[in-house]
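Reading the structure
Here are the chains, one letter per residue:
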Amino acid sequence: SKMLPIHLYTAFWSSIVINLLLYILVVALIAPITVWFYEKEILFGVISVLSIQIVIKSFIVIPKVLLVRELDFKKINLIEIVSFLVGGTCALILAKNGAGVWSIVFMGIINASVSLPLFWYHVKWKPKFLFSKLAFKDVFGKGVFDTLQRIFMSLTSNIDYLFIGKLVNSVALGYYTLAFVITDTFRQQIMSVLNKVLFPVFGQ
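A brief look at the structure comes next. (Residues numbered from 1 in each chain as written. Predicted model: local features only at pLDDT ≥ 70, side-chain atom pairs only at ≥ 80, totals over all residues. Heavy atoms only, no water.)

Here we take up the packing of helix α2 (residues 42-50) against helix α6 (residues 101-121). Two elements in contact, α2 and α6, have axes whose closest approach is 9 Å; the angle formed by their N-to-C orientations is 15 degrees. Taken together, the axis directions place α2 and α6 in an arrangement best described as roughly parallel. In this structure, α2 meets α6 at a crossing whose hand is right-handed. Residue-level inspection shows I42, G45, V46, V49 and L50 of α2 in contact with α6, the latter providing V101, W102, V105, F106 and I109. Residues that form the contact of α2 with α6 fall into these classes: 9 nonpolar, 1 polar and no charged. (Axes fitted to C-alpha atoms, helices over the stretch in contact; angles between N-to-C directions. Helix = DSSP H or I, 4+ residues; strand = E, 2+ residues; numbered from the N terminus. Parallel < 35°, antiparallel > 145°, perpendicular 65-115°, else oblique. Left-handed = near helix turned anticlockwise from the far one by under 90°. Contact = heavy atoms within 4.5 Å. Nonpolar A, V, L, I, M, F, W, Y, C, P; charged D, E, K, R; others polar.)

Written out as structure tokens, the structure reads:
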């Protein structure tokens, strides 16, 4: 069905609330479990700070959806490139000054923070304090199974990292991750571009 303005308002506020609850879940449950599993106290702070971008990105969902609906991939790609360059540059500066793992943590937050105003700048839509239960059911009810499936796939595809980090050490995990990323990056980039372009075109 066609997405009406009430659907956009409902999706916007619902996304923020859901992601705030998710962030609380991460800090209250997932971070402590991770600390217990790996026996590394620093992981609580790393995970808690890194997960802030979950909340930041919830404000980007609707502007990005609107640009996708307009098939304006030029603006989307430009925003993502600019935010990546700014975040990456800041991470390199932090790493050079001895920030260590925190340089990677803040790279994600800076990336999301830079893309936030850029996405809003390129859309004319403004949120209103409106919410509809029917719109919520229409928007999110259809995506529950897909969301659960994505979570399951994410867990299964990353479980090797979890056990390598636990059973071997962080250095071995770093080498393993780098090797996998280098070999898989080309495929990911091609599929990402094809999915972004072809799916909305077929949808129209």
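Resuming the write-up.
Applying the stated criterion across every chain, the model contains 11 aromatic pairs. When the centroid spacing of 5.0 Å and the interplanar angle of 85 degrees are considered together, the rings of F37 and Y38 count as edge-to-face. Classification of Y38 by relative accessible area gives partly exposed; the value is 24%. Here W102 and F106 contribute two aromatic rings whose centre-to-centre distance is 6.2 Å and whose plane-to-plane angle is 40 degrees, an arrangement assigned as tilted. Of this pair, W102 and F106 both sit in helix α6, 4 residues apart, which is roughly one turn of that helix. (Phe/Tyr/Trp six-rings, centres within 6.5 Å; stacked < 30°, edge-to-face > 60°. Buried < 20%, exposed > 50% of the residue type's maximum accessible area, 1.4 Å probe, protein only.)

The next point concerns the nonpolar core. Membership of the largest hydrophobic core comes to 16 residues, with the highest contact counts inside it found for F12, I62, L66, F119 and W125. Going through the elements one at a time, α1 (5-38), α4 (61-69), α5 (73-96) and α6 are the ones with two or more residues in this core. Per-element tally for this core: the top contributor is α1, with 5 residues. Filtering out sequence-adjacent residues up to four positions away, F119 remains in contact with I60, P63, K64, L67, I76 and I79. (Core = buried A, V, L, I, M, F, W, Y, C linked by side-chain atoms within 4.5 Å.)

Tracing the backbone shows T10 in helix α1. For T10, the residues in contact, after removing those within four places along its chain, are L130, F131, S132, A135, F136 and F140.

Okay, the side chain of S103 next. Within the secondary structure layout, S103 lies in helix α6. Residue S103 is classed as buried on the basis of its relative accessible area of 5%. Reaching out from S103, the side chain makes a polar contact with the backbone oxygen of G100 at a distance of 2.5 Å. Contact partners of S103, with chain neighbours within four places excluded, come to A91, L94 and A95. (Polar contact = N/O pair within 3.5 Å; in protein donor to acceptor, adjacent residues only side chain to side chain.)

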